[in-house]
Amino acid sequence: MQRTEPLNTPIEAQLAEPVIAPGQDYRSVTQKISEIVLMKNTPRGWIVGFGIAFALMNVLLVSIGYLFVEGVGIWGLNNPVGWGFAIVNFVWWIGIGHAGTLISAILLLFRQEWRTSINRFAEAMTLFAVASAGMFPLLHMGRPWFFFWLMPLPNTMGLWPQFRSPLVWDVFAITTYGLVSLLFWYVGLVPDLATMRDKASNLVVKRVYGMLALGWRGAAKHWHRYQKTYLLLAALSTPLVISVHTIVSLDFTAGIIPGWHSTMFPPYFVDGAIYSGFAMVLTLMIPLRRFYGLTNVITRRHLNNMAKIMLVTGSIVFYSYLMEMFFAWYSGNEFESFMISNRFGGPYAPFYWALLFCNAVVPQALWSSKIRANELLLWIIAIIVNVGMWLERFIIVVTSLSRDFLPSSWDLYIPTGWDYATYIGTIGLFLTLIFLFIRVLPAISMFEVRELVAEKEGHLPHQH
Amino acid sequence: MTKIYGLIAEFDQPKPLIEAARRAKDAGYRRMEAYTPFPIEDLTEALGRKESRLPFIVFLGGVAGAITGFGMQEISMTRLYPYLIGGKPLSSWPAWIPITFELTVLFAAFTAVIGMIALNGLPQPYHPVFNAAGFERASLDKFFLVIEARDPKFDMVETRRFLETLNPGNISDVSHSPDESASEDDFSEATTIGVGKWEI
């Protein structure tokens, strides 16, 4: 919907830019989005970016190879700190994925039309983040080749998983999340794959898109069922995404470790996940829209709205930090209050202060519409939030484990080079997949943007 | 002899297409379909259809998921592999809820997608409407209405005349085979083709 109230300042006018620039038609928007994929010459910037990402992905392959040879001893894990980077990265990546589902499902149910030009990309981001996340618990198992023991499969020993354990719930939650996100993404792609089929000039390319499009021909009765399915998937994904990070947080709360054993964790984790996810969407989207000249379909309005969601979720995260401190004091539990003073002044104190700076202080800048209108600053803030959210998981996992109840069993966790290599490697994997996605599939939902054009230009009989 | 699938009329925007569909329905045509580059809500109603099976099928899928999830946990934890820990009850059902929920969503989502694809008759790589001239723009910027030859009211001359009253950008034949190009001249012999073997 267009804003009707008068705009006071040029900044506000900029931020209230329509979700799609006026004067576009079906052909121009389709052309703009599809040519990114169908252009003959791969842009040099893409090759350089992909090259860097691919090199980083090879760091991951080497790290995993060495891990399989030597075992988890190559990481800095020790007896109190058995979780380390593997779980920190797992939670970080899963959290990043949540923004994609939020944008594609929850914003759809709330009829937020600005989601249209960013949902495809955000869903792809979800998939790749889940792929990066899912790897860590498997690598973290001492014998990753027995990963299928996590599943309730028939076996000669007659064993079953312990279904009362949140860790087993997690297996189901992550698997379901990954598969449902894949379905959602693919269903959204089908009509666009048909467009690609019809636009491609190379016969092989045409056939491949044609096969993936399942013979989609845009029949009215197909669209009707299609839209029903899409709404149903959105309605199913919405509670799903909340359940996933809730269950991830239960991995912690089911333990009695100070700093984990808290009823606040599920909403705190779900919110933090959305926060970090939006930060990642902004981190990727701001350079993407500039590089491919997509400023007509991904407008400042999108960036502004995402920045606002970051501000809201960031404030809730900040509130959660304050509540953690309050509980530590109010409970009168000495282990809880030690946990907080250990965070502020213990061996990992610099990480905690950095976390507060990144997640609580810096995002306050987003109250200013001038900053929300400044792409570069917004991009820097988004990256800072990504770092902050990683630090948050590091603090939760490591400080609590390294100093729990008995001082005699305290020990510090010092990440090794392989810890860092594995982590950086998954960033490489993630970026490699993102680069490939941008090159071979339409990164913006073309049919939904066409629908938006029809709505904006008044080509539909009535609007809801 | 040319085998005709139907007649196709091309429009530039959704509004005239919806209007055309409405008028075709009022004129008594039933075997028709619209093809559009994006979903248009009013078309379903204009074409006189209602499809409501899918949500119920998805509901059944969800129920199947819930029963599978809950049953698997209850049976395995009470009979197949009972863990006795701290005297806790074997049938500790609140702990089964998360997995029951996840499997409900998983089964319902797969049912929704597979159900939609199956009810739509996809994957269907070939369809006669792809033979229509300029149909590749149905996925880009054109809106089509096809009146099929198997409609009892279909008549090459009358139907074409009727379509012309709708002011489409273009009207052409939809051939049943890809190699026979549908030209404007061959409709005279095509009129003799009845509904015949294409009737389902």
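Shown above is the structure to which this text applies.
Residues numbered from 1 in each chain as written. Chains lettered and ligands numbered in written order. Predicted model: local features only at pLDDT ≥ 70, side-chain atom pairs only at ≥ 80, totals over all residues. Heavy atoms only, no water.

**Student:** So, the sheet that holds strand 1 (residues 4–11) of chain B: which residues are in play, and what are the values?
**Tutor:** Residue and element names in this part refer to chain B. Spatial ordering of the open sheet is given by 2-3-1-4, a layout of 4 strands whose pairing is antiparallel. For this open sheet the edge positions go to strand 2 (32–35) and strand 4 (170–175), each flanked by a neighbour on one side alone. Across the sheet, the mean angle from the axis of one strand to that of its neighbour is 25°, orientation sign disregarded. With 6 bridges connecting them, strand 1 and strand 3 (residues 143–148) associate as antiparallel partners. (Pairing = 2+ DSSP bridges. Helix = DSSP H or I, 4+ residues; strand = E, 2+ residues; numbered from the N terminus. Axes fitted to C-alpha atoms, helices over the stretch in contact; angles between N-to-C directions.)

**Student:** Help me get a handle on helix 5 (residues 156–164) of chain B, residues and values and all.
**Tutor:** Residues and elements named next belong to chain B. Inspection of helix 5 places Met 156, Thr 159, Arg 160, Phe 162 and Leu 163 among the buried residues, and these make up the whole buried set. Buried residues along helix 5 cover an arc of 160° about the axis, so they all sit on one side. Looking at where helix 5 begins, the residue whose side-chain oxygen comes 3.0 Å from the main-chain nitrogen of Val 157 is Asp 155. (Buried < 20%, exposed > 50% of the residue type's maximum accessible area, 1.4 Å probe, protein only. Arc of directions from axis to C-beta. Polar contact = N/O pair within 3.5 Å; in protein donor to acceptor, adjacent residues only side chain to side chain.)

**Student:** Which residues make up the interface of chain A and chain B, and what values go with them?
**Tutor:** Interfaces are frequently sized by the accessible area removed from exposure as the parts join. Listed per partner, the contact involves 58 residues of chain A and 68 residues of chain B. Counting each side, the surface lost to burial between chain A and chain B is near 5700 Å², with a carbon and sulfur contribution of 68%. Considering only the surface of chain A that becomes buried against chain B, Arg 164, Arg 217 and Arg 225 of chain A emerge as the three largest contributors, covering 15% of it. Inspection of the region where chain A meets chain B yields 2 salt bridges. We note a salt bridge from Lys 221 of chain A to Glu 33 of chain B, for which the minimum N-O separation is 3.8 Å. Taken together, the links from chain A to chain B amount to 21 residue pairs in polar contact (both at pLDDT 80 or more). The biggest single contributor to the side of chain A that touches chain B is helix 8 (residues 220–253) of chain A, with 17 residues. Here the residues of the side of chain A that touches chain B sort into 31 nonpolar, 16 polar and 11 charged. (Contact = heavy atoms within 4.5 Å. Buried area = accessible area lost by both parts, 1.4 Å probe. Salt bridge = Lys/Arg side-chain N within 4 Å of Asp/Glu carboxyl O. Nonpolar A, V, L, I, M, F, W, Y, C, P; charged D, E, K, R; others polar.)

**Student:** Could you give an account of the side chain of Asp 271 of chain A, naming the residues involved and the relevant values?
**Tutor:** All names here are of chain A. Relative to the helices and strands, Asp 271 is located in helix 9 (residues 265–291). In this structure Asp 271 is buried but unpaired, with Arg 393 as the nearest side chain of opposite charge at 9.3 Å. The residues contacting Asp 271, other than those within four sequence positions of it, are Thr 313, Ile 316 and Val 317. (Lys, Arg positive; Asp, Glu negative; His and termini not counted.)

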